[in-house]
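# Observations on the model geometry
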Amino acid sequence: LVVNTGDVAHGVSSSDAPKVRKVHESIARTVHKHSRLPYLQVPGNHDVTGLTKSDFFDETAPLVEKSGQKVVWGDKENHRSYGYMDFTDDSYKGDFRVVMLDPFDYDDGQFEKSYRFMAAVFSQKQVDWLVSVLKDAAMKGYNVITMMHYSFGDATVFNDETANPDAFFYQDPFMIPDIIDALQNAQRLSRVYPDQAGIHDVTVDVDFSAVPELKFVAHLFGHIHSRNDYQCQKADGTKYDILMLGETAIGVPGTALNKIDIVPGTINDISFSALEIDVVEQAVYRISYGAYLNHDGSNNSRTVRIPYRF
């Protein structure tokens, strides 16, 4: 499958919605022309500015659905871009559920009035849906991957050599990691996550003690345009058994120290990776293509093995 973690409209003015839509149409044509693989795309902060919820969803949902692979949307009637795909046709390869999250889960107009440009906001409906989807995956023994434009984490924890999760989470940057952690450890999670804008407070009160352990693989993210991998942890040192996997952006330099050196007009003008997941050894193999040298001349290595259990 092909995974896009957002910001396909990076560099386009957020006030120019026609140009944003044109970029999305171009991406759609390219994907349709060159690949018949299942395609997953989550919204980035540059993708949603200037567009209504229906604008974005009506353009991207058909692209995600085109492969014929069943997509289970969480709130299609309200044009929300969260959903999942299951891949279970060959048990030898392992059964997977890939969950697309939407951190821009607020109504049209609230972005400009209440939230920052790089805001992450989740509705109660999406969080309830996520709990149900993860619980169901655990019951079925699926390996789970989540994907979203932003990483999870506190920007004060990580230096630029590792990660820089610079999105502002209006509820809590660890709300979703808390849910995953509770499922991994068959625990009860009872907590209120207030929205700092006072609009979308979220309550999680779920007992996972009777649910099988969640086989969580990794969270895929973009946004900082740098190839990173790290263990999700809080400022107080609390660590989750959650692997965060970041990827570089096509044609856009990164914001972290290990940003990729983009050279227009050459193979280094683009950057992407292929991931192979070994569920027996519990490791991700990442093979990088295109640009791979850092600005300081160091090499990120073309192929790396990243364990996803800590």
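Just above sits the structure.
The model shown is predicted, which means the values in this text are computed figures rather than measured ones. (Residues numbered from 1 in each chain as written. Predicted model: local features only at pLDDT ≥ 70, side-chain atom pairs only at ≥ 80, totals over all residues. Heavy atoms only, no water.)

## Some remarks on the pattern of salt bridges
Tallied over the entire structure, the rule returns 14 salt bridges. A salt bridge links aspartate 105 to arginine 80, with the shortest nitrogen-to-oxygen separation between them at 2.6 Å. Placement of the pair is aspartate 105 in the loop between strand S5 (96–100) and helix H4 (110–114) and arginine 80 in the loop between strand S3 (72–73) and strand S4 (83–87), with a sequence separation of 25 residues. We note that aspartate 105, like arginine 80, is buried. The salt bridge partner of aspartate 178 is arginine 191, with a shortest N-O separation of 3.2 Å. Here the residue aspartate 178 occupies a position in helix H6 (residues 175–184), and arginine 191 occupies one in strand S9 (residues 188–193), the gap between them amounting to 13 residues. Relative accessible area serves as the criterion here: at 33%, arginine 191 is assigned to the partly exposed category. (Salt bridge = Lys/Arg side-chain N within 4 Å of Asp/Glu carboxyl O. Helix = DSSP H or I, 4+ residues; strand = E, 2+ residues; numbered from the N terminus. Buried < 20%, exposed > 50% of the residue type's maximum accessible area, 1.4 Å probe, protein only.)

## Details of the packing of aromatic side chains
Applying the stated criterion across every chain, the model contains 10 aromatic pairs. Ring centres of phenylalanine 104 and tyrosine 150 lie 5.7 Å apart, and the angle between their planes is 65 degrees; this geometry places the pair in the edge-to-face category. Taken together, the positions of phenylalanine 104 in the loop between S5 and H4 and tyrosine 150 in the loop between strand S7 (143–147) and strand S8 (168–169) put the pair 46 residues apart, joining distant regions of the chain. Ring centres of phenylalanine 272 and tyrosine 289 lie 5.3 Å apart, and the angle between their planes is 15 degrees; this geometry places the pair in the stacked category. Taken as a pair, phenylalanine 272 in strand S14 (residues 271–278) and tyrosine 289 in strand S15 (residues 283–290) lie far apart in primary sequence, 17 residues in all. For tyrosine 289, a relative accessible area of 37% translates into the label partly exposed. Here a set of aromatic residues connected by ring pairs shows up, and it is made of Phe104, Tyr150, Phe152 and Phe169. (Phe/Tyr/Trp six-rings, centres within 6.5 Å; stacked < 30°, edge-to-face > 60°.)

## Digging into the pairing of strand S12 (residues 229–233)
For S12, a buried count of four out of five residues is recorded, marking the element as mostly surrounded by other parts of the structure. Pairing geometry for S12 and strand S13 (residues 239–246), over four bridges, is antiparallel. Across the sheet, glutamine 231 pairs through a bridge with leucine 243, a residue of S13. Between the end of S12 and the start of S13, which pair antiparallel, lie five residues, with glycine 237 showing a positive phi angle near 95 degrees. (Pairing = 2+ DSSP bridges.)

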